[in-house]
Amino acid sequence: MIEPLAFATTVLCLLSGLFALVTAALGRYRWPPWRPLAVLIELALLTQAIAGLLSTHHPAEPGTHVAYLLISLAVLPAALAWGARDTTRSAGALLAVALLTLAVLMIRLQTTWR
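Residues numbered from 1 in each chain as written. Predicted model: local features only at pLDDT ≥ 70, side-chain atom pairs only at ≥ 80, totals over all residues. Heavy atoms only, no water.

Trainee: Is there a simple way to think about the overall build of the protein in this case?
Mentor: When its secondary structure is counted, the protein shows 4 helices and 0 strands. When the helices and strands of the protein are read in sequence order from the N terminus, they spell out α-α-α-α. Its C-alpha atoms give the protein a radius of gyration of 14 Å, within 12% of the compact-globule value 13 Å for 114 residues. C-alpha atoms of the protein, sized along the principal axes, occupy 45 × 20 × 20 Å. In the protein, buried positions account for 40% of the 114 residues. (Helix = DSSP H or I, 4+ residues; strand = E, 2+ residues; numbered from the N terminus. Rg over C-alpha atoms; globule rule 2.2 N^0.38 Å. Buried < 20%, exposed > 50% of the residue type's maximum accessible area, 1.4 Å probe, protein only.)

Quick look at the structure:
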């Protein structure tokens, strides 16, 4: 687990999730501006997953930790599969929920790592 990257990813997901929630509430959600951010977050999550799986550190709860790693990789693509095709408020809200879920998952990953 790369602690600075985990912290940066958590903050980025939290701020992005709140911004997505505001844009959804205002009815101004559009997919294309979110694409670079989604790629950046997914690359950070992939880096964390690789570091977590290849590390020699043994988390207190290895099964839970691996599950969080794998789920964190699946949340954003699952949400974007719908959000990229739709521009309604519900698509923006789904993206917000996915990003906020990722922030919580990153906090849980840090907790299980110790």
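Picking up where we left off.
Trainee: Can you walk me through the packing of helix α1 (residues 3-25) against helix α2 (residues 35-54) in this structure?
Mentor: Packed helix pairs are characterised by how far apart their axes lie and by the angle those axes make with each other. One way to put it is that α1 packs onto α2 with a least axis distance of 10 Å and a crossing angle of 150°. By the angle between their directions, the pair α1 and α2 is classed as roughly antiparallel. Considering how the two elements wind past one another, α1 and α2 form a crossing that is left-handed. Of the residues in α2, those in contact with Leu5, Ala6, Thr9, Leu12, Cys13 and Ser16 of α1 are Leu37, Leu40, Ile41, Ala44, Leu45, Thr47 and Gln48. Of the residues contributing to the contact of α1 with α2, the split by class is 9 nonpolar, 4 polar and no charged. (Axes fitted to C-alpha atoms, helices over the stretch in contact; angles between N-to-C directions. Parallel < 35°, antiparallel > 145°, perpendicular 65-115°, else oblique. Left-handed = near helix turned anticlockwise from the far one by under 90°. Contact = heavy atoms within 4.5 Å. Nonpolar A, V, L, I, M, F, W, Y, C, P; charged D, E, K, R; others polar.)

Trainee: So what exactly am I meant to see when it comes to a nonpolar patch on the surface here?
Mentor: On the surface, Val39, Leu43, Leu46, Ile50, Leu53, Leu54, Val66 and Leu70 cluster together into a nonpolar patch covering about 740 Å² of accessible area. Mapped onto the nonpolar patch, the elements with two or more residues apiece are α2 and α3 (62-83). Considering each element in turn, the nonpolar patch owes the most residues, 6 residues, to α2. Along the polypeptide, leucine 54 turns up in helix α2. (Patch = residues over 30% accessible without salt bridge, like charges linked within 9 Å, V, L, I, M, F, W, Y side chains within 5 Å. Areas by Shrake-Rupley, 256 points an atom, 1.4 Å probe, with all protein chains shown as cover. Salt bridge = Lys/Arg side-chain N within 4 Å of Asp/Glu carboxyl O.)

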